[in-house]
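Next come the chains, spelled out residue by residue.
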Amino acid sequence: MSNYHIKHLEEYYQVYRKSVRNPEAFWEEIAEEHFVWRKKWDNVLSWDFSKPEIKWFEGAKLNITENCIDRHLPTRGEKTAILFEPNDPNEEAQHITYRQLHERVCRMANVLKDHGVKKGDRVCIYLPMIPELAISLLACARIGAIHSVVFAGFSSNALATRINDSDCKVVLTSDGSYRGSKTIDLKGLVDKALEECPGVHTVLVTNRINGKVEMKEGRDKWLQPLLDEAYADCVAEIMNAEDPLFILYTSGSTGRPKGMVHTTAGYMVYTAYTFKNTFQYREEDVYWCTADIGWITGHSYIVYGPLANGATTVMFEGVPSYPDFGRFWQVVQKHKVNQFYTAPTAIRALAKENLEFIDKYDLSSLKVLGSVGEPINEEAWHWYNNNVGKKMSPIVDTWWQTETGGIMITPIPYVTPTTPTYATLPFIGIQPALMDEEGKEIKGNQVSGRLCIKFPWPSIARTIWGDHDRYRDTYFSAYKNMYFTGDGALRDAVGYYRITGRVDDVIIVSGHNLGTAPIEDSINEHPAVAESAIVGFPHDIKGNALYGYVILKEFGETRDRENLRKEINQQITEHIGPIAKLDKIQFVTGLPKTRSGKIMRRILRKIASKDISNLGDTSTLLNPEVVEEIIENSL
Ligand code: 6R9
């Protein structure tokens, strides 16, 4: 158990040094001591960032579900693995023990097999935050199928694109979902999506809301009767270390989402090890991450990381504002939550509300608070620290990405002294570098630059599904022999990192990454629109909100502007989902462009943020006159 659990700062530095001096030996020891393998590896690491090709634990054989479930059965069989807290506080919580989880995963795995799913097949999962969601991931992993979870807040269009991109033949969904006081017709969205997906032959439907749904003969089946009939044990498929475990889509700077591929062994080792240390998880703790499993945070830190440690992980179906703004704290009190992991956007929304919502509840069980998804501003940090943690629970501001699979820069609670807005120090094994625009590394402290990582870590994504060239071009071509994160960062006098935000065309709204291109594509499909550009501007709660500049085609000029705004947002909702709606839409006659025709987003961003004092030199633009007009009519 030597290096598994870091307990003080000196030890962090010691272990960190060891992990970068000899990464292979370091990770080999972790892998050896803390996991069960059907066969050990022949080689710990081989890598070449120029191809790029990264392989961890090559030759090893395992099944991740044996590590997340089976091996716990002798000692933790009756321990709660998943604690499900429903949307409605009056509905009873479900405590699913490791033994029950084993049975439910096996039954689901057998149902998938009965429907022709084999090792390597892709299965699309479009489910709300109910136990079947976590169980579906694990059932796929059990039989070696590759899961592709699509966040159930995405539109039917976005779902269809993702199903087709990875050629999924089977979709798991539910009749509907609860979200606060609303119900959402998920099955209807699936039906619509599948009009565009001829390859899907089976849809397995969980009954969550007793909804009225149409079941397409031969394609759609209710899941429960199949589970009831299925055999309660399922032999785990033996996988190679580098076999894909899942695909998860993230936004990029072009219209097509990127299906990030994570593989088995490295992902397991890294998520488990980071979970243990970042949350200082102890055997009896109850851990709660409020993310949705539709995002990487849910994959790594609701499902795989916690279960690989035999933890109790809370799955919450609801929203922070239902039935009132005290819901998070009511759940913390009810389940005596010890580690609580959420996003700055949720903290900011709750900080706007009366403190009574929080003071009513006993939060004394909390030991560690986490933040993820976007930079946490100082005010939100203090609110979280003072009112939730009562200044007694360290805040871990964890920086990482869908592509990194696990937490990369974070304090270790009770070990690393924290500073508001700083993600602080690299996690064990992580070698960050700040780069200038010419491609040179900026050494030393009190500097800022573009954040890269110099050396592979076990859970780095291995490719983009079906497009390895794009993987190379996006992450490994900006800087030679480095993984480029797309984020800017500064390193302060003591070597702490602060993430300053994206330096590419991705905008983070309420913690969701949105690419500008797909939103612009969707606006441009409106018949009255000629061209558009969107940028982010600061927003109290969402962090960033979207500001759209839209050029209308001539005939559009006569149309009612308010109606057009509604139609444009409606269109975005249909194409991408409501999270991508624009807060402001300004109609313009032109967009500032460089002579090579590139939209100067920098200028548009400044105007949207009402920061026009220093627009820089606009004289080199193709159309400098348009800038004045845009400023004059800005919203
Ligand atoms: C895990 C996750 C990744 C992008 C990332 C960065 C931003 C995430 C952050 C943070 C500042 C933090 N981000 N955590 N920025 N501080 N603690 O969120 O993955 O959805 O892929 O987003 O989110 O910009 O590049 P993903």
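- Named according to an unreviewed UniProt entry, the protein is Acetate--CoA ligase originating from Zobellia galactanivorans.
- Recorded in UniProt under Sequence similarities (unreviewed entry), the annotation for the protein is "Belongs to the ATP-dependent AMP-binding enzyme family."

Notes on the domain arrangement of the protein
Here is step 1 of the chain: Along its sequence, the protein is organised into domain 1 (9–489) and domain 2 (510–633).
Here is step 2 of the chain: In this assembly, 19 residues from domain 1 lie in contact with 20 residues from domain 2.
Here is step 3 of the chain: Summed over both sides, the interface between domain 1 and domain 2 buries roughly 1400 Å², with carbon and sulfur atoms accounting for 52% of that surface.
Here is step 4 of the chain: Across the pair D540 and K352 runs a salt bridge, and its minimum N-O distance is 3.2 Å.
Here is step 5 of the chain: If you look at where domain 1 meets domain 2, you find 8 residue pairs in polar contact (both at pLDDT 80 or more).
Here is step 6 of the chain: Where the side of domain 1 that touches domain 2 is concerned, the elements lending two or more residues are α7 (156–165) and α13 (344–351).

Observations concerning the environment of N387
Here is step 1 of the chain: Looking at where N387 falls in the secondary structure, it is placed in helix α15 (residues 378–388).
Here is step 2 of the chain: For N387, a relative accessible area of 17% puts it in the buried group.
Here is step 3 of the chain: Through-space distance from the C-alpha of N387 to that of G259 is 39 Å; in sequence the pair is 128 residues apart.
Here is step 4 of the chain: Residue contacts for N387: discarding those within four places in its chain leaves L355, I358, L363 and H382.

Some words on the site of the ligand
Here is step 1 of the chain: Neighbouring the ligand are 17 residues; D397, T398, T402, D487 and R502 lie closest to it.
Here is step 2 of the chain: In the environment of the ligand, a nitrogen atom lies 3.4 Å from a nitrogen or oxygen atom belonging to the backbone of E374.
Here is step 3 of the chain: At a separation of 3.1 Å, an oxygen atom of the ligand approaches a polar side-chain atom of N513.
Here is step 4 of the chain: Relative to its free-state accessible area of 530 Å², the ligand is covered by the protein chains to the extent of 95%.

Thoughts on the UniProt feature "domain: Acetyl-coenzyme A synthetase N-terminal" (unreviewed entry) in the protein
Here is step 1 of the chain: Mapped onto this numbering, the UniProt entry annotates "domain: Acetyl-coenzyme A synthetase N-terminal" (unreviewed entry) at residues 12–68.
Here is step 2 of the chain: Strand forms 25% of residues 12–68 and helix 47%; the C-alpha atoms that close the span are 26 Å apart.

Some thoughts on the sheet that holds strand β29 (residues 543–552)
Here is step 1 of the chain: With mixed pairing, the 3 strands of this open sheet are ordered in space as β28-β29-β30. Edge positions in the open sheet fall to β28 (529–539) and β30 (584–588), since each of these has one partner strand only. Ignoring strand direction, the axes of neighbouring strands in this sheet form an average angle of 25 degrees.
Here is step 2 of the chain: As paired strands, β29 and β30 are joined by 5 bridges and run parallel to one another. Residue pairing for β30: V550 is matched across the bridge by F587.
Here is step 3 of the chain: Most of the contacts of helix α17 (residues 516–524) go to β28, to which it runs at about 135 degrees, and overall it touches β28 and β29.
Here is step 4 of the chain: Along the sheet, helix α18 (residues 561–575) makes contact with β28, β29 and β30, crossing β30 at roughly 120 degrees.

Some thoughts on the sheet that holds strand β18 (residues 339–342)
Here is step 1 of the chain: Ordered in space as β5-β4-β17-β16-β18-β19-β20, the 7 strands form an open sheet in which the pairing is mixed. Both outer strands of the open sheet, β5 (94–97) and β20 (395–397), are each paired with one neighbouring strand and no more. Going across the sheet, the axis of each strand differs from the next one's by a mean of 20 degrees, ignoring polarity.
Here is step 2 of the chain: Two elements, strand β16 (residues 286–289) and strand β17 (residues 312–316), share 3 bridges in a ladder whose sense is parallel. Bridge pairing links W288 to V314 in β17.
Here is step 3 of the chain: Those strands touched by helix α5 (residues 98–114) are β4 (80–85) and β5, and its axis lies near 80 degrees from that of β5.

Comments concerning unusual backbone geometry
Here is step 1 of the chain: With omega at -25 degrees, the peptide bond leading from K51 into P52 counts as cis.
Here is step 2 of the chain: Examined against the element boundaries, P52 turns out to sit in the loop between β1 (43–48) and β2 (53–58).
Here is step 3 of the chain: Across the junction of Y322 and P323, the peptide omega takes the value -5 degrees, indicating a cis bond.
Here is step 4 of the chain: Even without glycine at this site, N481 takes up a positive phi of about 60 degrees.
Here is step 5 of the chain: Inspection of the secondary structure puts N481 in the loop between α16 (468–475) and β24 (483–491).
Here is step 6 of the chain: Here N481 falls in the partly exposed class, since its relative accessible area comes to 43%.
Here is step 7 of the chain: For S510, which is not glycine, the phi dihedral falls at a positive 50 degrees.

Here we look at the side chain of S174
Here is step 1 of the chain: Structurally, the position occupied by S174 is in strand β8 (residues 170–174).
Here is step 2 of the chain: According to the relative accessible area criterion, S174 is buried, its value standing at 0%.
Here is step 3 of the chain: In terms of polar contacts, S174 uses its side chain to reach the backbone carbonyl oxygen of G176, at 2.8 Å.
Here is step 4 of the chain: Those residues in contact with S174 that lie beyond four places of it in its chain are Y126, L127, P128, L186, K187, V205, T206 and R208.

What to know about helix α19 (residues 601–608)
Here is step 1 of the chain: Buried within α19 are the following residues: R601, I603, L604, I607 and A608. End-on view of α19: buried residues confined to an arc of 160 degrees, all on one side of the axis.
Here is step 2 of the chain: Check the buried side of α19 and you find it contacts α17, β28, β29 and α20 (625–632).
Here is step 3 of the chain: Just past α19, the residue K610 takes up positive phi, approximately 60 degrees.

Here's the deal with the pairing of β17
Here is step 1 of the chain: Among the 5 residues that make up β17, 5 are buried, leaving the element largely enclosed by the rest of the structure.
Here is step 2 of the chain: Side-chain alternation along β17 places T312, V314 and F316 on one buried face and T313 and M315 on a second face that is also buried.
Here is step 3 of the chain: Pairing geometry for β4 and β17, over 4 bridges, is parallel. Bridge pairing in β17 links I82 to T313.
Here is step 4 of the chain: Where the polypeptide runs from β16 across helix α11 (residues 296–308) and back to β17, its parallel neighbour, the crossover connection is right-handed.

Points about the environment of K55
Here is step 1 of the chain: If you trace the backbone, K55 turns up in strand β2.
Here is step 2 of the chain: Sequence-wise, K55 and N43 are 12 residues apart; in three dimensions their C-alpha atoms are separated by 8.8 Å.
Here is step 3 of the chain: Leaving out residues up to four positions away in the same chain, K55 has contacts with V44, L45, S46 and E242.

Rules of the game
- Residues numbered from 1 in each chain as written.
- Predicted model: local features only at pLDDT ≥ 70, side-chain atom pairs only at ≥ 80, totals over all residues.
- Heavy atoms only, no water.
- UniProt positions renumbered as here; feature names shortened; annotations may be inferred.
- Domains from an automatic or database assignment.
- Contact = heavy atoms within 4.5 Å.
- Buried area = accessible area lost by both parts, 1.4 Å probe.
- Salt bridge = Lys/Arg side-chain N within 4 Å of Asp/Glu carboxyl O.
- Polar contact = N/O pair within 3.5 Å; in protein donor to acceptor, adjacent residues only side chain to side chain.
- Helix = DSSP H or I, 4+ residues; strand = E, 2+ residues; numbered from the N terminus.
- Buried < 20%, exposed > 50% of the residue type's maximum accessible area, 1.4 Å probe, protein only.
- Near = heavy atom within 4 Å.
- Areas by Shrake-Rupley, 256 points an atom, 1.4 Å probe, with all protein chains shown as cover.
- Pairing = 2+ DSSP bridges.
- Axes fitted to C-alpha atoms, helices over the stretch in contact; angles between N-to-C directions.
- Arc of directions from axis to C-beta.
- Right-handed = clockwise from strand over helix to strand, strands pointing away.

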